[in-house]
Amino acid sequence: MNFNRRNFIKTSGAAVAGSMILPPFMQSCQNLQISPDVKSYLDHFEVSSEMLQKVIAAAMSKGGTYADLFFEHTTSNNLGLEDGKVNRASSNVDFGVGIRVLKGDQTGFAYSEEITLDAMLNAAKMAASIANNPKEFDPQGILEKTPADYYKISQKWSDVSVKDKVPFVQKINDKVFSLDSKVSKVNAFLGDSTSFILFYNSEGKLTYDYRPMMRFGAVCVMEKDGQIENAYSARSYRKGFEIMTDDLINEVAQEAVDKTNFLFGAGKPKAGEMPVVLGAGGSGILLHEAIGHTFEADFNRKGTSIFSDKLNKKVAENFINIIDDGTLPNDRGAINIDDEGNDVKKTYLVKDGVLNSYIHDRISAEYYGVEPTGNGRRESFRFVPIPRMRSTYMEAGPHTKEEIIAQVDYGVYVDNFSNGQVQIGAGDFTFFVKSGYIIEKGKLTQPIKDINIIGNGPEALADITMAANDYKNDSGTWTCGKDGQSVPVTLGLPTVLVKKLTVGGSNA
């Protein structure tokens with residue numbers, strides 16, 4: 001990979017109106033005893049391996065047990081369409097380095113938006129203050145690590161102009177309007193980002209990552225007999241501009257129209273405790289929020305999670321397998337390395353109904369005496385890494401969707417969630433369901449919309465009595481928030497039956 005940071009910044013931002021902060025420039029790295037790939041990233045950030053070692057030595061100078069440097073250069077571009085016209089455009093460049101020092105399970109952290117040796121040394125000394133036992137640190141030799149390659153692309157977003165992108169938001173607008181005469185308004189968007197990551201730590205590990213991302217979608221608004229409804233459809237992948245095709249436009253547009261049309265005539269079920277069938281795909285948000293977060297090792301290490309004493313114990317039926325995976329090709333939740341430079345793995349959190357593993361970063365892995373699972377993630381160089389999900393899903397089960405629905409005398413089928421809240425300690429959750437169906441005597445009957453589902457994550461997991469063979473990964477624009485940080489994720493689920501949850505609906 002050969003790239004010039006000055007040209008990259010110029011190409012990425014010049015065509016779009018918006019705010020931009022340009023990073024300072026430094027002399028190029030002259031260290032030739034490294035591979036061309038690593039050298040290209042050192043050149044990109046205009047640092048040398050000798051500089052990295054000096055900064056690490058400063059970070060370790062007060063007796064820290066570990067330190068790392070996380071360099072990031074991210075360019076983001078966004079286009080928006082409303083009332084038939086592209087009327088929003090923005091571009092932003094983010095650039096800097098985060099310096100972390102560990103003393104046991106305590107963390108010292110500082111970051112700098114200026115990558116000069118003096119600025120980095122000052123930040124390193126601030127982070128080093130977590131420890132108070134000054135000592136000399138002899139930097140390790142450089143140990144290069146070649147990352148995985150889970151998101152191959154053929155056309156970089158940095159090579160695409162705004163003029164090339166505009167037709168796609170215009171096309172999806174026109175397509176949505178053409179599909180149904182009830183459409184009264186469309187909001188469309190296309191966003192892309194490109195991140196260059198360089199990582200170095202006190203163990204001498206030097207590695208890197210190139211992270212593309214796109215998101216594309218539309219909000220459809222319809223009106224019928226004075227009733228106004230709206231729905232949203234979008235896709236997000238770690239793919240290049242090659243993903244932008246007419247097939248993608250047609251798929252997203254049709255889904256937006258279908259979801260909106262569904263809401264006309266939809267009502268509410270009777271309120272109360274009842275069986276709930278979670279549809280394949282996006283219903284995985286309940287798995288992510290109500291169960292996934294409670295598997296994150298920091299909550300368990302601190303005794304906050306209700307699963308903190310459940311490791312290697314049965315928590316679900318034997319056919320339940322729950323995975324957190326960062327290796328899915330071109331997936332929004334995929335990463336070639338985590339933000340601690342670790343290998344990314346497919347981790348079975350629940351295996352054959354037994355809690356098999358927590359979601360680990362470096363600190364929690366050391367605490368539990370296991371290898372990191374590749375889940376140390378951060379929003380940007382301004383944040384410390386913490387255990388975070390990537391793509392969290394349940395594998396297919398032994399049943400069919402039809403068999404599951406046929407088991408329900410009265411309940412609800414839901415497959416379109418919009419948001420929710422969960423209390424990590426107790427595992428109690430509330431989710432807002434955009435749409436679904438009432439189930440009566442084993443059949444889907446009345447469409448429903450705008451209901452709440454209330455329950456407890458561990459109890460819901462234990463109450464999954466059937467899982468279908470129709471697993472689906474949802475490739476929407478899912479973003480997970482935790483401790484003030486947001487990271488891209490995906491989620492998935494087969495159709496499952498939860499034998500009882502509280503449904504908020506009509507009292508009639």
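Computed from a predicted model, the values in this text were never measured in an experiment.

## What about the overall build of the chain?
Point 1. Scanning the chain from terminus to terminus reveals 11 helices and 23 strands.
Point 2. For 508 residues, the compact-globule formula gives about 23 Å, and the C-alpha radius of gyration of the chain, at 25 Å, lands near that figure.
Point 3. The C-alpha extent of the chain, read off along each of the three principal axes, is 75 × 55 × 30 Å.
Point 4. Counting contacts in the chain only where the partners sit at least 6 residues apart, residues at least 24 apart contribute 74% of the total.
Point 5. Per element, the accessible surface of the chain, about 20,400 Å² overall, is 47% carbon and sulfur.
Point 6. When the 55 basic and 64 acidic side-chain charges of the chain are each reduced to a single mean position, those positions are 1 Å apart.

## What about the packing of helix H5 (residues 162-179) against helix H6 (residues 246-263)?
Point 1. Axis separation between H5 and H6 bottoms out at 9 Å; the angle between their running directions is 45°. It follows from the interaxial angle that H5 and H6 lie oblique. Between H5 and H6 lies a crossing of right-handed hand. Contact with H5, carried on its side by Phe-168, Lys-171, Ile-172, Lys-175, Val-176 and Leu-179, involves Asp-246, Ile-249, Asn-250, Val-252, Ala-253, Gln-254 and Val-257 of H6 and no other residues of that element.
Point 2. For the contact of H5 with H6, the residue count by class is eight nonpolar, two polar and three charged.

## Thoughts on the environment of Pro-494
Point 1. Locating Pro-494 in the fold gives a position in the loop between strand E22 (490-493) and strand E23 (496-504).
Point 2. We classify Pro-494 as buried; its relative accessible area is 0%.
Point 3. Considered as a pair, Pro-494 and Lys-171 are 323 residues apart in the sequence and their alpha carbons are 33 Å apart.
Point 4. Apart from residues lying up to four places away in sequence, Pro-494 is in contact with Leu-278, Gly-279, Ala-280, Met-394, Glu-395, Ala-396, Ala-467, Ala-468, Asp-470 and Tyr-471.

## Remarks on the layout of surface pockets
Point 1. Estimated volume of the largest pocket: approximately 870 Å³.
Point 2. Residue assignment for the lining of the largest pocket shows that the elements contributing at least two residues are strand E7 (227-237), H6, strand E15 (410-422), strand E16 (428-440) and strand E19 (472-474).
Point 3. Reported here for the second largest pocket is a volume of approximately 710 Å³.
Point 4. Listed by contribution, the elements that provide at least two residues to the lining of the second largest pocket are strand E1 (66-82), strand E2 (85-103), strand E5 (183-201), strand E6 (205-224) and strand E21 (485-488).
Point 5. Per-element tally for the lining of the second largest pocket: the top contributor is E1, with six residues.

## Some words on empty space enclosed by the protein
Point 1. Under the criterion given, the structure shown has two cavities of 30 Å³ or more.
Point 2. Considering only enclosed or pocket space, the second largest cavity measures out at about 40 Å³ in volume.
Point 3. By residue number, the principal contributor to the lining of the second largest cavity is helix H7 (residues 284-292), which donates three residues.
Point 4. The residue makeup of the lining of the second largest cavity, split by class, is seven nonpolar, one polar and no charged.

## Description of the sheet that holds strand E10 (residues 346-351)
Point 1. The strand order E11-E10-E9-E14-E22-E19 describes an open sheet built from six strands, whose pairing is mixed. Only two strands of the sheet have a single neighbouring strand rather than two, namely strand E11 (354-355) and E19.
Point 2. In this sheet, E22 lies alongside E19 in antiparallel orientation, the contact comprising three bridges. When the sheet's bridge partners are listed, Asn-473 is paired in E22 with Gly-492.
Point 3. The strands that H7 touches are strand E9 (322-325), strand E14 (391-394) and E22; relative to E22, the one it contacts most, it runs at about 110°.

## With respect to helix H4 (residues 117-128)
Point 1. With 12 residues, H4 should cover 16 Å at 1.5 Å per step; its first-to-last C-alpha distance of 16 Å lies within 8% of that length.
Point 2. Among the residues making up H4, those that are buried are Ala-119, Met-120, Leu-121, Ala-123, Ala-124, Ala-127 and Ala-128.
Point 3. On the buried face of H4, the contacting elements are helix H3 (49-59), E1, E2 and strand E3 (106-112).

## Some remarks on the side chain of Thr-207
Point 1. Note on placement: Thr-207 falls in strand E6.
Point 2. Among the polar contacts listed, one links the side chain of Thr-207 to the backbone oxygen of Lys-145, at a separation of 2.7 Å.
Point 3. Those residues in contact with Thr-207, other than ones at most four positions away along the chain, are Lys-145, Pro-147, Ile-197, Leu-198, Phe-199, Ile-337 and Gly-341.

## Here we look at the pairing of E1
Point 1. Within E1, 14 of the 17 residues are buried, leaving the element largely enclosed by the surrounding structure.
Point 2. Here E1 pairs with E2 via 17 bridges, running antiparallel. Bridging across to E2, Thr-75 finds its partner in Val-93.
Point 3. As consecutive antiparallel partners, E1 and E2 are separated by two residues, and within that stretch Asp-83 has a phi angle of approximately 55°, a positive value.
Point 4. As judged from the 15 bridges shared by E1 and E5, these two strands associate in the antiparallel manner. Within the sheet, the bridge partner assigned to His-73 lies in E5 and is Phe-196.

## Focus: the nonpolar core
Point 1. Leu-278, Phe-295, Ile-320, Val-414 and Leu-461 are the most contacted members of the largest nonpolar core, which has 47 residues in total.
Point 2. For this core, the leading source of residues is H7, giving five residues.
Point 3. Ignoring any residue separated from it by four or fewer positions in sequence, one finds Leu-461 in contact with Ile-291, Phe-295, Phe-307, Val-315, Ala-316, Ile-320 and Ile-322.
Point 4. Ala-58, Leu-121, Ala-127 and Phe-196 belong to the second-largest nonpolar core, a separate cluster that totals 34 residues.

## So, the side chain of Thr-392
Point 1. With respect to the helices and strands, the residue Thr-392 is situated in strand E14.
Point 2. Classification of Thr-392 as buried rests on a relative accessible area of 0%.
Point 3. Thr-392 has contacts with Leu-287, His-288, Ile-322, Ile-323, Asp-324, Thr-490, Leu-491 and Gly-492, leaving out every residue within four places of it along the chain.

## Looking at the pairing of E16
Point 1. Relative to E16, E15 runs antiparallel, the two sharing 11 bridges. By the bridge assignment for E16, Asn-419 is matched with Phe-432.
Point 2. Between the end of E15 and the start of E16, which pair antiparallel, lie five residues, with Gly-427 showing a positive phi angle near 85°.
Point 3. Here 11 bridges tie E16 to strand E17 (residues 443-456), and the two strands are oriented antiparallel to one another. Looking across to E17, one finds that Phe-431 is bridged to Ile-453.
Point 4. Linking two consecutive strands that pair antiparallel, namely E16 and E17, is a turn of two residues; a positive phi of about 50° is found at Lys-441 within it.

The rules we used
- Residues numbered from 1 in each chain as written.
- Predicted model: local features only at pLDDT ≥ 70, side-chain atom pairs only at ≥ 80, totals over all residues.
- Heavy atoms only, no water.
- Helix = DSSP H or I, 4+ residues; strand = E, 2+ residues; numbered from the N terminus.
- Rg over C-alpha atoms; globule rule 2.2 N^0.38 Å.
- Contact = heavy atoms within 4.5 Å.
- Areas by Shrake-Rupley, 256 points an atom, 1.4 Å probe, with all protein chains shown as cover.
- Lys, Arg positive; Asp, Glu negative; His and termini not counted.
- Charge placed at Lys NZ, Arg CZ, Asp CG, Glu CD.
- Axes fitted to C-alpha atoms, helices over the stretch in contact; angles between N-to-C directions.
- Parallel < 35°, antiparallel > 145°, perpendicular 65-115°, else oblique.
- Left-handed = near helix turned anticlockwise from the far one by under 90°.
- Nonpolar A, V, L, I, M, F, W, Y, C, P; charged D, E, K, R; others polar.
- Buried < 20%, exposed > 50% of the residue type's maximum accessible area, 1.4 Å probe, protein only.
- 1 Å grid on protein atoms, 1.4 Å probe; cavity = no way out; pocket = protein on both sides within 12 Å on 5 of 7 lines; lining within 4 Å.
- Points joined across faces, edges and corners; volume = space filled by probe spheres on them.
- Pairing = 2+ DSSP bridges.
- Expected span 1.5 Å × (residues − 1).
- Polar contact = N/O pair within 3.5 Å; in protein donor to acceptor, adjacent residues only side chain to side chain.
- Core = buried A, V, L, I, M, F, W, Y, C linked by side-chain atoms within 4.5 Å.

That is the geometry; function is a separate question.
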